[in-house]
Number of protein chains: 6
Amino acid sequence: MSRTMMDETFLNPLLVARAVDAALDEDLGRAGDITSAATLPAGAMARAVMRARRLGIVAGLPVAIAAFRRLGPELWIEERAHDGARVEAGDALIVVEGSAHAILGAERVALNFASHLSGIATATAAFAAKIAHTRAKIVCTRKTTPGLRVLEKHAVRSGGGANHRFGLDDAVLIKDNHIAVSGGIGPALRAAKSAVGHLVKIEIEVDGLDQLDEVLREGADAVLLDNFEPETLAEAVRRVGGRMPTEASGGITLDRAAAIAETGVDLLSSGWITHSAPSLDIGLDIEMG
Amino acid sequence: MSRTMMDETFLNPLLVARAVDAALDEDLGRAGDITSAATLPAGAMARAVMRARRLGIVAGLPVAIAAFRRLGPELWIEERAHDGARVEAGDALIVVEGSAHAILGAERVALNFASHLSGIATATAAFAAKIAHTRAKIVCTRKTTPGLRVLEKHAVRSGGGANHRFGLDDAVLIKDNHIAVSGGIGPALRAAKSAVGHLVKIEIEVDGLDQLDEVLREGADAVLLDNFEPETLAEAVRRVGGRMPTEASGGITLDRAAAIAETGVDLLSSGWITHSAPSLDIGLDIEMG
Amino acid sequence: MSRTMMDETFLNPLLVARAVDAALDEDLGRAGDITSAATLPAGAMARAVMRARRLGIVAGLPVAIAAFRRLGPELWIEERAHDGARVEAGDALIVVEGSAHAILGAERVALNFASHLSGIATATAAFAAKIAHTRAKIVCTRKTTPGLRVLEKHAVRSGGGANHRFGLDDAVLIKDNHIAVSGGIGPALRAAKSAVGHLVKIEIEVDGLDQLDEVLREGADAVLLDNFEPETLAEAVRRVGGRMPTEASGGITLDRAAAIAETGVDLLSSGWITHSAPSLDIGLDIEMG
Amino acid sequence: MSRTMMDETFLNPLLVARAVDAALDEDLGRAGDITSAATLPAGAMARAVMRARRLGIVAGLPVAIAAFRRLGPELWIEERAHDGARVEAGDALIVVEGSAHAILGAERVALNFASHLSGIATATAAFAAKIAHTRAKIVCTRKTTPGLRVLEKHAVRSGGGANHRFGLDDAVLIKDNHIAVSGGIGPALRAAKSAVGHLVKIEIEVDGLDQLDEVLREGADAVLLDNFEPETLAEAVRRVGGRMPTEASGGITLDRAAAIAETGVDLLSSGWITHSAPSLDIGLDIEMG
Amino acid sequence: MSRTMMDETFLNPLLVARAVDAALDEDLGRAGDITSAATLPAGAMARAVMRARRLGIVAGLPVAIAAFRRLGPELWIEERAHDGARVEAGDALIVVEGSAHAILGAERVALNFASHLSGIATATAAFAAKIAHTRAKIVCTRKTTPGLRVLEKHAVRSGGGANHRFGLDDAVLIKDNHIAVSGGIGPALRAAKSAVGHLVKIEIEVDGLDQLDEVLREGADAVLLDNFEPETLAEAVRRVGGRMPTEASGGITLDRAAAIAETGVDLLSSGWITHSAPSLDIGLDIEMG
Amino acid sequence: MSRTMMDETFLNPLLVARAVDAALDEDLGRAGDITSAATLPAGAMARAVMRARRLGIVAGLPVAIAAFRRLGPELWIEERAHDGARVEAGDALIVVEGSAHAILGAERVALNFASHLSGIATATAAFAAKIAHTRAKIVCTRKTTPGLRVLEKHAVRSGGGANHRFGLDDAVLIKDNHIAVSGGIGPALRAAKSAVGHLVKIEIEVDGLDQLDEVLREGADAVLLDNFEPETLAEAVRRVGGRMPTEASGGITLDRAAAIAETGVDLLSSGWITHSAPSLDIGLDIEMG
């Protein structure tokens, strides 16, 4: 990981380095890049420019750089854009110079990270644009690609979104099943409050205004309003009256985002931005030395 | 990994087990499922049914089962569908019974694997349907999600597609940069043939009919026709005359797939089916005991 | 990990299994238990009883069991006490029967986990007893033994304490250096609120009543009152007036705990209970078969 | 690991690097140091001085340095004290300058290693001082904190103690159970001698003078005199007459150490110095740039 | 791994680095090089020359260098020979200068890699010399030392041999059991062709001319002629007529190699060169500074 | 690892399990056994008999079994011979029944372990036979195959040999370089004795009778007589007079073994038995169900 990335955002750099290693191992297999080994002269040099081929928001450039760096510790690398930047087709993102074997060996891994994460940032930004006139924010969920959650959370922030839980352990989110087994909203909230430490927030999911009223009586750190129609959502926001953040989930599409955000809700949570965002087209133009 | 999965398909079961562990670690973090720990009674039992919520082709069910099994070795699990099956909204895929803590702890990981991989299978099947009247097959690329390549390759097969290289090391694919540095198609092919073992295939990318003619003179195991328009592609296929498999790449969209396949080309390769396929909506209905 | 442990408490069972493996590897080295291999007949059977040799609160029994189970999958094991139980010298905690090689091979690792974690639980319980007449709770810190944090956090809960952050990533705790660099309490709190997600709590450390007043104006999720004398602490608690949890830190000794807790503060945080608690004396009595 | 540490002491530097990584992972979690990320400007610089806050013997400074180095490869670090040095409250141990994000991200891990290991060194030194007028040495046992044995063994040496076995595999230690099953001291010793290689030492535990006589008849590399009162111990030492090292164990407290050492025994083994030594108070004073 | 090695040959450098780490861990154990720590002064410097003590072909020098580099990042290292070079007794292969602790700590691991891999290269070269007057090549098999396959494949290439499959997943090799279960050569070949991707080659083993004829009718990418006598082999080669590579296996000894190669077969496969080649005697002459 | 193996010999079972996993990963790659997947029906059953094809001493059967078990937890496996047994060509070693996919997937790994380790056991036994009329034993060295040391040490014991050090950390072996730098034999031995714990043995290498005399004056736990001719060796043994074990090294060949052993030396150490022993031919006969 570049130092820059860790400094400016929330990521354990050791986790990121392991993700890069896993991806390189997956691509290099046992024998490595046999095409380059067979066809390039030893010591061949190259210059490569990673470019956006579509308009979008970039994310994951430090991860791409880490992939090049891992195979070519002596590569000269320049970052031409930063995560979160809006780029247009043709814009240079990264320039790499040095061993052609290292550049070609890491090329696909670097591109796969950058295009996947930029796709998420771009999708998030599209949502953010739809609701920019409101006070609401777009947040991601735990519906992420297995193994890439920390990077995808970062991509969401790069796109102007905010993060929900990173995992099951960093906040309580009480859902319908927990409520049912605990004997209701009151018992569930009281059980959670007595069990967790003072720095753990508790959010609870409700599916109607009656449940919301019960939550407001008991108190919670946030409430998730699941599958509320806009008008009911507006009423829910009114009832909450700013006492806790309100989050709308279920059926949050680009088409409906503005209407939902205009109810005054604080957060719109979308699984789509992480599990279904198309990747951003990014390529590597290589000039062999 | 269930034994079944390994037997019927191409996967290193140890790799798959590690992917499951990595995903569970990512979701459980240090403290694990604190919501369930706080709100469920010790020993609570549950019955859960994983169901498709949209029509599609499923893939990754054995991976989802492995996730449940990892946290709940004593869970009773029934597989109601098999990878590659076409399911409709509401169809049961997996039934799990036992410890509610284990089921809820593994729920999101199991769903993330199943919906991501089923999304790829479904996208692949859509392509396959478009070209079913031809002899062409849809194949995937190395544009996969970092860390999940083996599973995504499996999902492509589940959707009726075929696999391209699993990594840089299992076949030679000579691209424009390799050709340029080697001094042309002839030198590149000859270098590759002399360097690799007798069980490694060599494919070469060409961007025009002139290059193709040179490949035909030199001989190769396959030729990749990059960004050919359908009419030129048809001419290329004619010139190859069955001497080697022909693969079309570049701009392979659902809309254009039929026209491209009708040129007689053997393979259509698509990065989209792995890097941009939307996930299939799959949920878990839980009845607490 | 036994299922029981995961169900009833907050722990990622995969992390715990790795801690057990690391400890066994450390003790077995390359050649394993060469004394038993040299002196015990193949197939020797034994019965072992793990017993407390001092009065205390036990913790880590499931970890000890996991160590035995790892080397002897077929051992018969009975848990005679549960984490959090008060035991007296001579009380049986675990009974194990089966392969003498497996029991002796895992003995020291099992005892090291159980006595270390029970020491922490016992120390925590001593604090908890001192303040039982107040509303305050004893909480641990991040001053834990490297590599054992999740288990030590569990031991604290077993002893009647509560947990603070598990790591740098699950809550914000703004200290003097952060305040200094950010330009003051107001800018620091506002920066934190705008940067983190809605499920992340923010606590801030203050070292005097002036700083506290500023925190109360800005709002926070908790306030850490560092090195306050009891009388100032009482005034601080009065000023907070229940608007947020108050935590006292610095110089929290068994002798001073009651006086501090009687100020009305919510939490007393102690590094001592994890970094300096003496281990509880626990032994294994073995009868060879 | 710094080169220095490996050169001067007994440690596998790869093991130490893994211990540092494990501790950093444990503290950074998925999202890393979110407080610093939220409140510090990108590129903020700092100067930090790690200081002893109590008199003691330091150990683990190279490990603390390795933690800073891991997150901040470009930090400027100066070691002001060396493992084994006696320091007083206020003495500087390490000075670090550079990225504030790196320093604060590694701070707690660095301190946890240094204070834990220095606590062990300090406790060992206290024992060593009590017996300095005799020929006896204080030695540690396998009653170490799981996962930290190599570092704790190093801390014992830093405090003036000596090491016992590092694990079950590097020497034979025949205890009562082995004797019972083997059919007595003679058969046990003979079995061990015939089974192990010529570079493996054999020690045997005895609980009375009769057993000792049998050991002297059979021959061994060392004898462990368990729970002997000082007068019996003196007699045992007399009987051994220098033919093999004698080790006293059981009830070795600071109060009793001198009396035991004065019997002429060679070694006093103490689990307390590793499993129950209170940590040494060490802090980090930070000046933000 | 040195960059050079990856550039010029087929290897995943991450795998190689892990092999080096595993070997160092195995040799250093927990406590490291206790002899050097006990007897060398801190900061001792040395100069070491790795020399061949027998005539042979060297391989694995970059791996040996990686071992030195891992323990001594600041060592000055010069490579005096290259993998694949023919060396005589006394020839210098590598010169290393710097920390004596680092050099002695890595010495045995570096020598074990170099002498094992050079042994394989030398054995391979002996075969290659026997058949140099023919068009045949010597190829290795999957009968390699567990854990070292990629390095052993590299050693075979260094000795002038070629590589067969790296594992079960990179080509199809249909053997007698597969044929039996599939219902014959035709069904087996057809099943394989329909199952695998277009870049996977298919070889099939036959044990007689009848089976060969069937393979020729069906078509395959290569044919393995198992345990054919030279005269039958010559007939087989004649029947194949260049339509696919022919590989002879079974009883390929140095004595018989020329006769077999003179049949016109393309490949002679030998397990012996990897599983039974004696190591090449290589030593390290050290001058302490 | 089977329980049996751990019980009867010296091995850390967790290390062995990792060696098996590494070997399977190496052979299965990403896609697994594609030949079996393509040609065997799902659910195909088989019966396989692992047989010696040459006379020899077997070792590693529990490792081979562990490989089968890892891919086929439900296989029925019978061990027909035990490590250390003398077998003749055709003797059954292991019988396995169950999933043909699991058996074929693990076949090569199981055979590679068994034939490599049995080769070492057989070579060791050949030495042991040559010196059976003397009191000497054959011992191995650290010249082992990287990554397989613990298993190779076990194979040596299976063949009737004894083990030398497992690594640099479990005993001191002072060589010429250490002596030179320390200022002579006396200083080196004294430095070692003062540095290491009471359970670490110290051996020293001498290259002449003068050095030996100095060692006898200083005292050591063993002496290595390097490259002594038989007559000098006999004189050395006479001078030692049983005061410490004597070890002959350098030029220990099968031809010279008896003459060397007849000098009365205790140990003959041979690198050849681990680094150059040809593998024992072992095959797997499979009957498909």
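Keep in mind the model is a prediction, meaning the values are calculated, not measured.

(A) Layout of the sheet that holds strand E9 (residues 222-226) of chain A. Residues and elements named next belong to chain A. Taken in spatial order, the 6 strands make up an open sheet running E6-E11-E10-E9-E8-E7, and their pairing is parallel. Of all strands in the sheet, those with a lone pairing partner are strand E6 (137-139) and strand E7 (172-174), marking the two edges. Adjacent strand axes in the sheet meet at a mean angle of 25° when their direction is disregarded. Bridge analysis of strand E10 (residues 246-249) against strand E11 (residues 267-269) gives 2 bridges, and the strand direction is parallel. Counted as the bridge partner of alanine 248 is leucine 268 from E11.

(B) View of the pattern of salt bridges. Overall, the coordinates contain 106 salt bridges over all chains when judged by the stated rule. Its salt-bridge partner being Asp266(C), residue Arg135(C) comes within 2.4 Å of it at the nearest N-O pair. Of this pair, Arg135(C) sits in the loop between helix H5 (100-130) and strand E6 (137-139) while Asp266(C) sits in the loop between helix H11 (254-261) and strand E11 (267-269); the two residues are 131 residues apart in sequence, bridging distant segments of the chain. Accessibility expressed as a relative area gives 58% for Arg135(C), which makes it exposed. Taking relative accessible area as the criterion, Asp266(C) reaches 18% and is therefore assigned buried. The partner of Glu235(F) in a salt bridge is Arg238(F), with the nearest N and O atoms 2.8 Å apart.

(C) Structural context of the relation of the copies chain D and chain F. Of the transformation placing chain D onto chain F, the axial shift is 0.0 Å and the rotation is 180°, giving an RMSD of 0.0 Å. The transformation relating the two chain copies, once decomposed into turn and shift, fits a two-fold axis. No C-alpha of chain D lies nearer the rotation axis than that of Asp170(D), which sits 2.8 Å from it. Both copies share a contact surface, since 100% of the interface residues of chain D are interface residues in chain F too.

(D) Spotlight on the environment of Cys140(E). Here Cys140(E) is to be found in the loop between strand E6 (137-139) and helix H6 (149-158). Each C-alpha atom of the pair Cys140(E) and Phe166(E) lies 9.6 Å from the other, and the pair is 26 residues apart in sequence.

(E) Representation of the relation of the copies chain A and chain B within the structure. Of the transformation superimposing chain A on chain B, the axial component is 0.0 Å and the angular component is 180°, with the fit at an RMSD of 0.0 Å. Take the interface residues of chain A: 100% of them recur as interface residues in chain B, which is what a same-surface contact looks like.

(F) Summary view of the domain arrangement of chain A. Residues and elements named next belong to chain A. Domain assignment breaks chain A into domain 1 (13-119 + 277-286) and domain 2 (130-275). Once you take the C-alpha centre of each, domain 1 and domain 2 turn out to be 36 Å apart. Taken together, the 15 residues of domain 1 in the interface contact 12 residues of domain 2. It is His116, Leu117 and Ala277 that lose the most area in domain 1 upon contact with domain 2, and together they represent 45% of the buried surface on that side.

(G) How the structure looks around the interface of chain D and chain F. Across the contact, 20 residues belong to chain D and 20 residues belong to chain F. Of the roughly 1,600 Å² buried between chain D and chain F on both sides combined, carbon and sulfur atoms contribute 65%. The tally of links from chain D across to chain F stands at 2 salt bridges. Taking the shortest distance from any N to any O, the salt bridge between Lys201(D) and Asp221(F) comes out at 3.9 Å. Our count for the chain D to chain F interface comes out at 6 residue pairs in polar contact (both at pLDDT 80 or more). Along the lines of polarity and charge, the residues of the side of chain D that touches chain F split into 8 nonpolar, 5 polar and 7 charged.

Calculation rules
Residues numbered from 1 in each chain as written. Chains lettered and ligands numbered in written order. Predicted model: local features only at pLDDT ≥ 70, side-chain atom pairs only at ≥ 80, totals over all residues. Heavy atoms only, no water. Pairing = 2+ DSSP bridges. Helix = DSSP H or I, 4+ residues; strand = E, 2+ residues; numbered from the N terminus. Axes fitted to C-alpha atoms, helices over the stretch in contact; angles between N-to-C directions. Salt bridge = Lys/Arg side-chain N within 4 Å of Asp/Glu carboxyl O. Buried < 20%, exposed > 50% of the residue type's maximum accessible area, 1.4 Å probe, protein only. Least-squares fit on C-alpha atoms with pLDDT ≥ 70 in both. Contact = heavy atoms within 4.5 Å. Domains from an automatic or database assignment. Buried area = accessible area lost by both parts, 1.4 Å probe. Polar contact = N/O pair within 3.5 Å; in protein donor to acceptor, adjacent residues only side chain to side chain. Nonpolar A, V, L, I, M, F, W, Y, C, P; charged D, E, K, R; others polar.

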